[in-house]
Amino acid sequence: MDYEMLGARIREARKNKGYTQSELAELTEYSVQHISHVETGSTKLSVELLICIANVLDTSLDELLKDSLTFSPKTQYNLSIEARTEKERSAIVKIVKTLEKEIGKLMD
């Protein structure tokens, strides 16, 4: 895991919420020094603190950890489809069904 990248994402999310390190420390009940070390990547943080930070900053763990996570192609496709409108998802389903039929014909 790249703790510097994680720290940078936490810092970015904190700034986007308009919080100072001191405010984040108060909201998470950790010291300003600990939050500073987390943001610079000079210390590892507990899962408990990571979840607390994500909740306080109203962000997802996926967003904070995206440089450390690997997604299978199946997961990537699901995430891509979930981001579509209902009309687009319906079109994708129709296209996939058509492809399945054509592949079936080619395999016979």
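Residues numbered from 1 in each chain as written. Predicted model: local features only at pLDDT ≥ 70, side-chain atom pairs only at ≥ 80, totals over all residues. Heavy atoms only, no water.

Caption draft 1: Local environment of the pattern of salt bridges. Taken as a whole and judged by the stated rule, the model has four salt bridges. The closest approach of N and O atoms between E86 and R89, which form a salt bridge, is 2.7 Å. Residue E86 and its partner R89 are both found in helix α7 (residues 86–107); the two are separated by three residues, about one turn of the helix. (Salt bridge = Lys/Arg side-chain N within 4 Å of Asp/Glu carboxyl O. Helix = DSSP H or I, 4+ residues; strand = E, 2+ residues; numbered from the N terminus.)

Caption draft 2: Looking closely at the side chain of R9. Here R9 is to be found in helix α1 (residues 3–17). Looking at R9, the relative accessible area reads 15%, which means it is buried. (Buried < 20%, exposed > 50% of the residue type's maximum accessible area, 1.4 Å probe, protein only.)

Caption draft 3: How the structure looks around the packing of helix α2 (residues 21–28) against helix α4 (residues 47–56). Look at α2 against α4: their axes get within 10 Å of each other, and the N-to-C directions meet at 115°. Classified by the interaxial angle, the pair formed by α2 and α4 is roughly perpendicular. Handedness of the crossing formed by α2 with α4: right-handed. In this structure, α2 uses L24, L27 and T28 to contact α4, whose residues at the interface are L49, C52, I53 and V56. Residue composition of the contact of α2 with α4, by class: six nonpolar, one polar and no charged. (Axes fitted to C-alpha atoms, helices over the stretch in contact; angles between N-to-C directions. Parallel < 35°, antiparallel > 145°, perpendicular 65-115°, else oblique. Left-handed = near helix turned anticlockwise from the far one by under 90°. Contact = heavy atoms within 4.5 Å. Nonpolar A, V, L, I, M, F, W, Y, C, P; charged D, E, K, R; others polar.)

Caption draft 4: Molecular detail of the nonpolar core. Within the largest apolar cluster, 15 residues are counted, with the highest numbers of intra-cluster contacts made by L6, I10, L45, L50, I53, L57 and L64. Among the secondary structure elements, those contributing two or more residues to this core are α1, α2, α3 (32–40), α4 and α5 (61–65). With four residues, α4 is the largest single contributor of residues to this core. Setting aside residues up to four positions removed in sequence, L57 forms contacts with I10, A13, R14, K17, Y19 and L24. (Core = buried A, V, L, I, M, F, W, Y, C linked by side-chain atoms within 4.5 Å.)

Caption draft 5: Up close: unusual backbone geometry. Phi at E29 is positive, roughly 65°, even though this residue is not glycine. Along the chain, the position of E29 falls in the loop between α2 and α3. Phi is positive for D58, which is not a glycine, with a value near 55°. If you trace the backbone, D58 turns up in the loop between α4 and α5. The exposure class of D58 is exposed, given its relative accessible area of 65%.

The quantities given are spatial measurements derived from coordinates; they are silent on function.
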